[in-house]
Amino acid sequence: MNIPIPSILEIGEGVVWRMDDIVRTYRFSKAVMLFDDFTYRTYEQDMKQAISSVPVHTVCLPPQLDIVDIMKKAFELPHCDVMIAMGGGAVIDCGKYMAFLRQVPFISIPTSASNDGFASTNCSLLVNGKKTTVPAKVPFGILADLNIIQQAPERFILAGIGDLMSNITALYDWEFEQNHGVSRVNAFAAMISKKAVNSFIRTPMQNIKHPIFLKELISSLTMGGISTVISGNSAPISGSEHLISHALDKMSSAPQMHGIQVGIATYIMAHVQQHRAERITKVFTRTGFFDYAKTLHLSKDEYRQAIDIAPTIKPNRYTYIHDEQYRKRAIRLLDEDHILKEIFT
Ligand SMILES: [Zn+2]
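Residues numbered from 1 in each chain as written. Predicted model: local features only at pLDDT ≥ 70, side-chain atom pairs only at ≥ 80, totals over all residues. Heavy atoms only, no water.

The name that an unreviewed UniProt entry assigns to the chain is Glycerol-1-phosphate dehydrogenase [NAD(P)+], with the source organism given as Anoxybacillus pushchinoensis.

Structure, rendered in C-alpha cells:
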C-alpha cells in the first residue's frame, strides 16, 4: 500500500517565510496563489515577498463559489506547477479542489485552526447551494504559521477544538459499526486518530492562543486528517456527530461553523455512547467552548430535526445515530442535560 502524505509539514512561528526555500527545494517554476478577500488584503504583499524566486500569479477568490464556478475558474488560471491557498476553510477547499482538477501539487496555508480541512483529502464545496463533501487529494504541503493563526478570533480556535474532540465519538462509532458487521476498523488509522486527540487533551488549556496549545491543536488536526488517507474513508475522524452537523448544514436557518456544530454534537453523542463524556466536558469547559456556544442562541428544534435526519446523510454507515434507541436518547438529552439546556433556546 502506498499512502500519500504531505511532503512538507511546517507548524511554527513565521513558517510562511520559508516559502522560497520550499519553492527552490521542489524546483517549482510558477505558482498560482489563491486568497480570500481578507487574506488578499492582509497578506498578498507579504506572500509575494516570501516567494520571490519564481513568478506568482495571485488571485482573490470571491466568497460562496459553487463547484461549477470553481471548475471553470480552475481552468481559466494560467499555467503553474504548484497551487497555494491561504485563508480559512473555504479558500483552502477551493484551492485543494482546483489543484486536484489541474493535477498540480497543492500547498495549504491555513490562517485559522477551525477544522481539519487544511490537512484532509476531501473538501467541502457548495453543490446547488448546499455544502457537500467532495473527494480530492491530500495537500502536498501544509504550512501553519502560528503568528498568523494566533490573530484569528478565538471562536475559530474553539471550532478546531470541537472538530478534534469528535475523534473520540467517531472512533467509538467506528467500533460500533464493526461490531454490527457493517465495516472494518483500520487499526493503524484508528490508532493515529486516537493518539492525536489524546495528546491534545493533555496540553495545558489556560490560554488557547498560546503557541504550544495551537501547535498541539494543529498537529493533532493534521494527524486526524492523515488518518483518513490511511483508512481511505473519513470514519476515523467523522461519525454520528459529523452526520448531525452535516444535517444542520442542510436544514438550519443559520448554520454555525463546522467545528462548533460538530463539538456540540460530540458532547451529545459522548453521552449517548456513555464513553468519555466527562473528559469532553472538561475540555469544553476549560477552553471556553461551552461559554461561546451559549452566546449563539442555537435552536433546540433544529438539533432535534438534525438528529432525526442524521442517518439519512450516510445511509450506508451504521453509527450510534443510525439506531433508533440512541437517536431517542440523544433527543432526550436536549431537554434533560443541564449544559445543553443553557446552550439551546
Ligand atoms: Zn470535521
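The rest of the description comes next.
Can you lay out the pattern of salt bridges for me, pointing to particular residues and giving the numbers?
Applying the stated criterion across every chain yields a total of 11 salt bridges. For K96, the salt bridge is made with D93, and the minimal N-O distance between the two is 3.7 Å. On the criterion of helical spacing, the pair formed by K96 and D93 is a turn pair, its members being 3 residues apart in helix α4 (residues 89-102). Side by side, K96 and D93 carry an identical accessibility label, which is buried. (Salt bridge = Lys/Arg side-chain N within 4 Å of Asp/Glu carboxyl O. Helix = DSSP H or I, 4+ residues; strand = E, 2+ residues; numbered from the N terminus. Buried < 20%, exposed > 50% of the residue type's maximum accessible area, 1.4 Å probe, protein only.)

Lay out the UniProt feature "binding site: NAD(+)" (unreviewed entry) in the chain in plain terms, naming residues and giving numbers.
Here, the residues flagged by UniProt with the feature "binding site: NAD(+)" (unreviewed entry) are G89, A90, V91, I92, D93, T111, S112, A113, S114 and S120. Structurally, G89 can be placed in helix α4. By the secondary structure assignment, S112 is in the loop between β5 (106-110) and β6 (122-127). In this view, S112 contacts G87, I149, A152 and F156; residues no more than four positions away in its chain are not counted. There is a polar contact of 3.2 Å between the side chain of S112 and the side chain of S114. (UniProt positions renumbered as here; feature names shortened; annotations may be inferred. Contact = heavy atoms within 4.5 Å. Polar contact = N/O pair within 3.5 Å; in protein donor to acceptor, adjacent residues only side chain to side chain.)

So what's going on with the sheet that holds strand β8 (residues 141-145)? Which residues, and what values?
The 6 strands are arranged β1-β8-β5-β4-β2-β3 in an open sheet whose pairing can be described as parallel. The sheet is open, and its two edges are formed by β1 (8-12) and β3 (56-60), each paired on a single side. In this sheet, adjacent strand axes meet at a mean angle of 15° when their direction is disregarded. Relative to β8, β1 runs parallel, the two being bridged by 5 bridges. Bridging from a neighbouring strand, G12 pairs with D145 of β8. Packed on one face of the sheet, α4 meets β2 (31-35), β4 (82-87) and β5 and runs near 170° to β4. (Pairing = 2+ DSSP bridges. Axes fitted to C-alpha atoms, helices over the stretch in contact; angles between N-to-C directions.)

Please set out the coordination of the zinc ion residue by residue, giving values where relevant.
Donor atoms from the polypeptide that bind the zinc ion are D163 (OD), H242 (NE2) and H258 (NE2), placed at 2.1 to 2.2 Å. Site description for the zinc ion: donor spacing in sequence, D-x78-H-x15-H. Here H242 is found in helix α9 (residues 240-251), whereas its partner H258 is found in helix α10 (residues 258-273), with 16 residues between them in sequence. Across the pair, H258 and H242 agree in class, each one buried. (Donors = N, O, S within 2.8 Å, 3.2 Å for Na, K, Ca; no water.)

Account for the UniProt feature "binding site: glycerol" (unreviewed entry) in the chain, naming residues and giving values.
Following the UniProt record, one finds the feature "binding site: glycerol" (unreviewed entry) at D116, D163, H242 and H258. What stands out for the annotated residues spanning 143 residues is how close their C-alpha atoms remain, the widest pair being 12.5 Å apart. If you trace the backbone, D163 turns up in helix α6 (residues 154-179). According to the relative accessible area criterion, D163 is buried, its value standing at 0%. Apart from residues lying up to four places away in sequence, D163 is in contact with S114, N115, D116, L221, H242, H258, G259 and V262.

Describe the domain arrangement of the chain, listing the residues and the values that go with them.
Under the domain assignment used here, the chain contains domain 1 (8-149) and domain 2 (154-343). If you average the C-alpha positions of domain 1 and of domain 2, the two centres end up 26 Å apart. With 20 residues of domain 1 in contact, the opposing surface of domain 2 contributes 23 residues. Roughly 1,800 Å² of surface becomes buried between domain 1 and domain 2 when both sides are summed, with 67% attributable to carbon and sulfur atoms. Counting every contact that joins domain 1 to domain 2 gives 1 salt bridge. Where K131 meets D249, a salt bridge forms, and the shortest distance between an N and an O atom there is 4.0 Å. (Domains from an automatic or database assignment. Buried area = accessible area lost by both parts, 1.4 Å probe.)

If you had to explain the side chain of S240 to someone new, which residues and values would you point to?
Take S240: it is sitting in helix α9. With residues up to four places along the chain from it excluded, the contact list for S240 reads D173, M269, Q273, T319 and I321.

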